[in-house]
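This is what each chain is made of:
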Amino acid sequence: GGLVPYLAELERKVSEHHRLAFQSKDGESDWQLLLEEGEMKVYRREVEEDGIVVDPLKAQNVVKGVTAHEICHYFWDVDIRMEWETTVEIVKLVEKISDDTVVVYQTHKRMWPTMQRDSLFVSSIRQVDTGDDEGPSWVVCNFSVDHPSLPVSNKCVRVKLNIGLVCQTLVTPPADGQPITRDDLSCKIAYAAYVNPGGWVPASVLRTLAKREYPRFLRKFSAYVQGKTKDKPIMF
Ligand SMILES: CC(C)(C)c1cc(CCc2ccccn2)cc(-c2ccc(S(=O)(=O)CCO)cc2)c1
């Protein structure tokens, strides 16, 4: 389909998110710590493009009892998105490119006083070799594309997004010979979000929304995956 050029861009974005995920931010001192809550740390940089707030967001978290594969699977799976994603109204699978790469259309709940937004993006899940002894990472990348079958509508403003979720499973080995249980597992998460709201939004409104919505997503989504997996076999 018309998406072949995007697949090269997708590989570049996956590698970029993976490379940046667990890199310490010492070099980029202009990251502002928005919130620290236990293992969860949320940072943002204040950036405007043509007067539009496009603040990059970076968050780290550690979620007990789940694996990197499980966190990425539940984040990527369009069929269950409405179970945890409370800021969207419609989620539509537009095209299945492969078993791990789809095109998704979403309308986001209108956030007063702004116009309603929608998003159209490629969403891909894969395992990436990290090269260190912590084992492979699992990565989901969502990034905006134009798609002939979903032209921009006059009802919504089309946001442009580039999201990376990079996860690593941490296992504390049980007493020798014992099988690994969920008590021996945790998942280290690095989440990066670049969302251009696609049209002017008062800076204070957008920054307040982001400051509320991103921590809420990290809390709610982590608890959701713990709940969904607690009685299921471990998906490594
Ligand atoms: C406000 C802000 C938090 C930056 C925001 C606003 C809007 C669009 C809605 C919007 C934008 C501007 C003003 C009002 N509403 C979307 C998102 C957003 C989109 C996607 C993802 S995801 O991680 O890919 C999960 C899949 O849904 C996360 C966040 C964030």
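As the structure is a computational prediction, the values presented were derived from the model and not from experiment.

S.K.: Outline the overall build of the protein, listing residues and values.
M.R.: Per the secondary structure count, the protein includes 4 helices and 12 strands. Computed over its C-alpha atoms, the radius of gyration of the protein comes to 18 Å, within 12% of the 18 Å expected for a compact globule of 236 residues. Of all 236 residues assigned to the protein, the portion counted as buried reaches 51%. Long-range contacts, defined as pairs at least 24 residues apart, comprise 62% of the intrachain contacts of the protein with a sequence gap of at least 6. Within the structure as shown, the protein displays about 11,900 Å² of accessible surface, and the carbon and sulfur contribution to it stands at 54%. For the protein, the distance from the average site of its 30 positive side-chain charges to the average site of its 34 negative ones is 6 Å.

S.K.: Please give an account of the site of the ligand that cites residues and values.
M.R.: Surrounding the ligand, one finds 18 residues, the nearest of these being Glu85, Gln106, Thr114, Asn142 and Tyr191. A distance of 3.0 Å separates an oxygen atom of the ligand from a polar side-chain atom of glutamine 106. Taking asparagine 142, its side chain carries an N or O atom lying 3.0 Å from an oxygen atom of the ligand. Those elements giving two or more residues to the shell around the ligand turn out to be β7 (101-108), β11 (160-171) and α4 (203-229). Take the shell around the ligand: its biggest share by element is 4 residues, from α4. When the residues that make up the shell around the ligand are grouped by side-chain class, the tally is 12 nonpolar, 4 polar and 2 charged.

Criteria and thresholds
- Residues numbered from 1 in each chain as written.
- Predicted model: local features only at pLDDT ≥ 70, side-chain atom pairs only at ≥ 80, totals over all residues.
- Heavy atoms only, no water.
- Helix = DSSP H or I, 4+ residues; strand = E, 2+ residues; numbered from the N terminus.
- Rg over C-alpha atoms; globule rule 2.2 N^0.38 Å.
- Buried < 20%, exposed > 50% of the residue type's maximum accessible area, 1.4 Å probe, protein only.
- Contact = heavy atoms within 4.5 Å.
- Areas by Shrake-Rupley, 256 points an atom, 1.4 Å probe, with all protein chains shown as cover.
- Lys, Arg positive; Asp, Glu negative; His and termini not counted.
- Charge placed at Lys NZ, Arg CZ, Asp CG, Glu CD.
- Near = heavy atom within 4 Å.
- Polar contact = N/O pair within 3.5 Å; in protein donor to acceptor, adjacent residues only side chain to side chain.
- Nonpolar A, V, L, I, M, F, W, Y, C, P; charged D, E, K, R; others polar.

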